[in-house]
Each structure stands twice: as C-alpha cells, then as structure tokens.
Amino acid sequence: MVRHGAFLRGLIAATFTPLHDDGSINTAAIPEMVDHLVKQNIAGMYVLGSTGEGVSLTHEERCTIAEAFVAAAVGQLPVIIQCGCESLAQAKLLATHAQNIGADAISAVSPVYFKPDSVETLVDSMAEIAAGAPDLPFYYYHIPSVTGVNLNMVEFLQLGSDRIPNLRGIKFTSLNVFEYQSCLEFAGDRFEVLWGLDEMLLSGLAAGARAAVGSTYNFAAPIYHQLVQAFSEGNLDLAREQQSKSQDLVRTFIPYGPRAAQKAIMSMVATECGPTRLPVKMLSDSQVQNLRSDLTKIGFFDWIATT
C-alpha cells in the first residue's frame, strides 16, 4: 500500500550534499544542516536533487547521503529522495534503497542523454523507477531547462494516474505558470504539484501552490516565510517586496555559478558544505569574498537576521 500521508505544505529545502575539501562526502555535517532547517521552520527536505549534486555522486555515495539525511531527520522533517539518473535500473535500485531506509517519498528526474520522446515513454520510464519503492509516494521532477525534456505535464498526470500506482505528483521547476496552474486544476485532491522556482514563488502561490521546493530556502527562509504570510493575508505589496528581495539575492549569486555560489552562501550562514564536485566548478577564495561583499551590499545578511 502507498503511504497516503497528508500532502506537503510550506517550504521544502532542496538540500546540499556536504563534501570534504578532498571531494569525499561529509556525512558528519548533515545533522547540523537538518537542525538548522528545523529551526528555520522548513517543512521538508528534497535530497540529492540538482542542489544536492545527486547525479554527480556514485551509487554508493547517494545511498550513504540518503541514509544520513533520513537518520538525522527522523521525527522532525519528511525526506524526499531524488533517485533519477541515466540508468533506469540503477534509479530503481536507489528507489528501493530509499524505501528500505525509511524515506518518506521518492522523486526522479528524467534521463537526459537518451531523452524520452513522448509523454507515454516518460511515464513508462518513471513507472519503472517508482516500482522500486511501491510503498512510497512518487514525484516526477520536471526541470526542462536542465533536462531538455519539456513534455506536457497535464498529460503526464493523466497517463501516470493509470500506470504509476504510487504517483503523488510533480516537482514543477519551469517558468510555465500557465501549465503549472493547469496541472493543479487537473490534480484536484488526488495529486500535488510542488512549485520549484524560488525567485517566482509569488507567481506559484497566485496559481495555487501550497508547497514549494527550493535551494535558497536553505539559507534565506525568513524572506520566503514573510512572503507566504503576506500573500495569505492579502498583503500583496509586502509579498512583492519579499519576492523582490529573493530576486535580488538570485541576481547577485547567479554570475558566480548558481550551484557553487549557493553552497558557499550556505557555508557562510549556517553549515559548512565544502566544495562542489566537477563538472560544477567550485568558487575560489577570492570569489567567495567578492560574493560575501556583494551580498552585504544588497542587505542580504540583514534580511535573514531581521525578516
């Protein structure tokens, strides 16, 4: 039986994978990271996704990181494990592992070298992965800007509802708010569609989002909590003000390389995450200093201290 728990609500942090300076994984940093997210009122964790460099880790490393997050989060936060990779067979094994260690849900991105050529092929591919953890809710990770797989997600839910028994919904990381709203309307109370663009959270909320997955929630949660609260109270001016802060933050770190820069920011404000893994180039010491200076100039450290 699929675990029919309550749907996710609130901010879900797409977690970083901490590494030692030599590039090996650093599981000792994970409990501190989880404690920080709990204190920031984060509602859940999305582990080993894009932010977590999941596809750059070995199978064994992914299993070890998943185990560490589940162990650290038990009784505190739900954990979604991203299992997707180029091999559907390996992704299925990762899904089975996630179920065996007590994860709360699984997710998977599409293979990107041999891309699914139709919604039907995508559904069949995701069904193979999801079958590895039949007791866990499954979310398809839709991120066409990275994968190049930009198929119709309403059709995915339509076909997937018949072919993927444990389908819970979609992690929707796309600028297409029109399609997102259409997915929500089709989903009703059967599926959930998690919003995936931090710098457009207000747009997602306006379309009907009730939960969002993002990387900047790790280190800038106060901005988004105030945004969500302002929106719920009908204070759109304040909501736009907070969204503008989020956009200023993103504009500031993007030139440094979004994934490496965010890992550096997390190390500045909370938990030391270490370097990134190639092909994501890590920042030099001077770049980290310049990034800190740029963040100070826009008021970022004051925002997260006082928001």
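Scroll up to find the structure.
My aim in this report is to walk through the structure given alongside it, one point at a time. (Residues numbered from 1 in each chain as written. Predicted model: local features only at pLDDT ≥ 70, side-chain atom pairs only at ≥ 80, totals over all residues. Heavy atoms only, no water.)

1. A word on helix α6 (residues 153–163)
Regarding α6, the residues found buried are Met153, Val154, Phe156, Leu157, Gly160 and Ser161. The buried residues of α6 occupy one face: seen down the axis, they fall within an arc of 150°. Along its buried surface, α6 packs onto α4 (119–130), β5 (138–142), β6 (167–172) and α7 (177–187). (Buried < 20%, exposed > 50% of the residue type's maximum accessible area, 1.4 Å probe, protein only. Helix = DSSP H or I, 4+ residues; strand = E, 2+ residues; numbered from the N terminus. Arc of directions from axis to C-beta. Contact = heavy atoms within 4.5 Å.)

2. A word on the side chain of Thr51
Take Thr51: it is sitting in the loop between β2 (44–47) and α2 (59–73). A relative accessible area of 14% means that Thr51 is categorised as buried. Residues contacting Thr51, with those up to four places away along its chain left out, are Ala14, Thr15, Phe16 and Ser215.

3. Here's the deal with the side chain of Arg277
With respect to the helices and strands, Arg277 occurs in the loop between α11 (258–269) and α12 (285–298). Overall, Arg277 belongs to the buried group, its relative accessible area being 18%. Among the polar contacts listed, one links the side chain of Arg277 to the backbone oxygen of Gly23, at a separation of 2.7 Å. With residues up to four places along the chain from it excluded, the contact list for Arg277 reads Leu19, Gly23, Ser24, Glu53, Ser56, Leu57, Thr58 and Glu61. (Polar contact = N/O pair within 3.5 Å; in protein donor to acceptor, adjacent residues only side chain to side chain.)

4. Section: the packing of aromatic side chains
On inspection of all chains with the given rule, the structure shows 10 aromatic pairs. Relative to Phe301, the ring of Phe300 lies with its centre 5.1 Å away and its plane at 65°, an arrangement referred to as edge-to-face. A residue is classified by how much of its surface remains accessible, and Phe300, at 0% relative accessible area, is buried. Members of the aromatic cluster, each reached through a chain of ring pairs, are Phe16, Phe219, Phe300 and Phe301. In this structure, Lys171 is placed above the aromatic ring of Tyr46, and the distance from its NZ or CZ to the ring centre is 5.1 Å. (Phe/Tyr/Trp six-rings, centres within 6.5 Å; stacked < 30°, edge-to-face > 60°. Lys NZ or Arg CZ within 6 Å of the ring centre and 35° of its normal.)

5. As for unusual backbone geometry
Between Leu278 and Pro279 the backbone carries a cis peptide bond, its omega angle lying at 15°. Positionally, Pro279 belongs in the loop between α11 and α12. In this model, Leu48 sits at a positive phi of 70°, which is unusual for a non-glycine residue. Examined against the element boundaries, Leu48 turns out to sit in the loop between β2 and α2. Given a relative accessible area of 1%, Leu48 falls into the buried group.

6. Description of the nonpolar core
Core analysis: the biggest nonpolar cluster contains 95 residues, and Phe138, Phe156 and Leu291 have the highest contact counts within it. For Phe156, the residues in contact, after removing those within four places along its chain, are Val119, Leu122, Val123, Met126, Tyr140, Ser161, Ile164, Leu167 and Ile170. Counting 13 residues, the second-largest nonpolar core is a separate cluster that includes Leu8, Ile12, Ala14 and Tyr141. (Core = buried A, V, L, I, M, F, W, Y, C linked by side-chain atoms within 4.5 Å.)

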